[in-house]
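# Examining the three-dimensional arrangement
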Amino acid sequence: MTLEVVRIPVLSDNYIWLVHEPDSGETMVVDPAVADAPLAEAEKRGWKITQIWNTHWHPDHTGGNADIQAATGCHITGPEAEQERIPTLDTLVKEGDTVTLGNVIADVIDVPAHTAGHIAFHIPSENIVFVGDTLFAMGCGRLFEGTPEQMFDNMRKLEQLPEKTKVYCAHEYTQANGEYALVAEPDNLALKERMAEVMTLRERGEATVPTTIGLEKSTNPFMRSNSAAQLAERRTAKDNF
């Protein structure tokens, strides 16, 4: 692996990802909810933040943009479809576009549903995907601005990535997601085993992400839904769980 990826927990359950490409010296922040924490972590490591990548417009993913840019002069890339809601964007991207961090290239994937213009950044050479609030460990994002059909299509896109792909989502929701997943799929042995591991990690105060595409294919009730209708039914049940 070329990239160094650092998890920064902020707010009640958010994760900011600080990503360093050592060959070029470039450092990027994914979805900075706040500015102080990633700026401090970068300074501690002797890194200078040169870029921000936003997956969607929600304030707990973009709230640090302006202050980080003011402090570093960094370049901000985000979804073309949400440019009016993210006024700090310098470069607008959509599916089919690529973004570079030093020598590393990321493919942009459109994954609307949680928000209308949500995107993900897939880095094939590193087997990494930054998914924002679309895919979680054993969960998916709430359908605030989109449809079950869109989220079902998102799951189909993401499950096509190599199973070893590491999935960097933006929240520590795994335990709560798993508790619902056990209700949705009570006979899933892989899910039961995973939840035992998750409970142990959380009891120690440890993070449960990143996850992997392979793990989600075997334990995520939303990725495993056999139709948009089943995903919709499960999403509604989870919302009221």
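You'll find the structure just up there.
This section reports on the structure supplied with the text. (Residues numbered from 1 in each chain as written. Predicted model: local features only at pLDDT ≥ 70, side-chain atom pairs only at ≥ 80, totals over all residues. Heavy atoms only, no water.)

Two numbers describe how helix α4 (residues 148-159) lies on helix α8 (residues 228-239): the axes approach to 8 Å, and their chain directions differ by 105°. Classified by the angle between their axes, α4 and α8 sit roughly perpendicular to one another. Of the residues in α8, those in contact with Pro 148, Glu 149, Met 151, Phe 152 and Met 155 of α4 are Ala 228, Leu 231 and Ala 232. (Axes fitted to C-alpha atoms, helices over the stretch in contact; angles between N-to-C directions. Helix = DSSP H or I, 4+ residues; strand = E, 2+ residues; numbered from the N terminus. Parallel < 35°, antiparallel > 145°, perpendicular 65-115°, else oblique. Contact = heavy atoms within 4.5 Å.)

Evaluation of the coordinates by the stated rule reveals 13 salt bridges. As a salt-bridge pair, Lys 217 and Glu 163 come within 3.2 Å of each other at their nearest N and O atoms. Of this pair, Lys 217 sits in helix α7 (residues 213-219) while Glu 163 sits in the loop between α4 and β13 (166-169); the two residues are 54 residues apart in sequence, bridging distant segments of the chain. Under the relative-accessibility criterion, Lys 217 is labelled partly exposed at 30%. With a shortest N-O distance of 2.8 Å, Glu 216 and Arg 194 are connected by a salt bridge. With Glu 216 in helix α7 and Arg 194 in helix α6 (residues 189-203), this residue pair connects regions lying 22 residues apart in the sequence. Of the two residues examined, Glu 216 and Arg 194, each falls in the buried class. Via salt bridges that share partners, Glu 41, Lys 44 and Arg 45 belong to a single interconnected network. (Salt bridge = Lys/Arg side-chain N within 4 Å of Asp/Glu carboxyl O. Buried < 20%, exposed > 50% of the residue type's maximum accessible area, 1.4 Å probe, protein only.)

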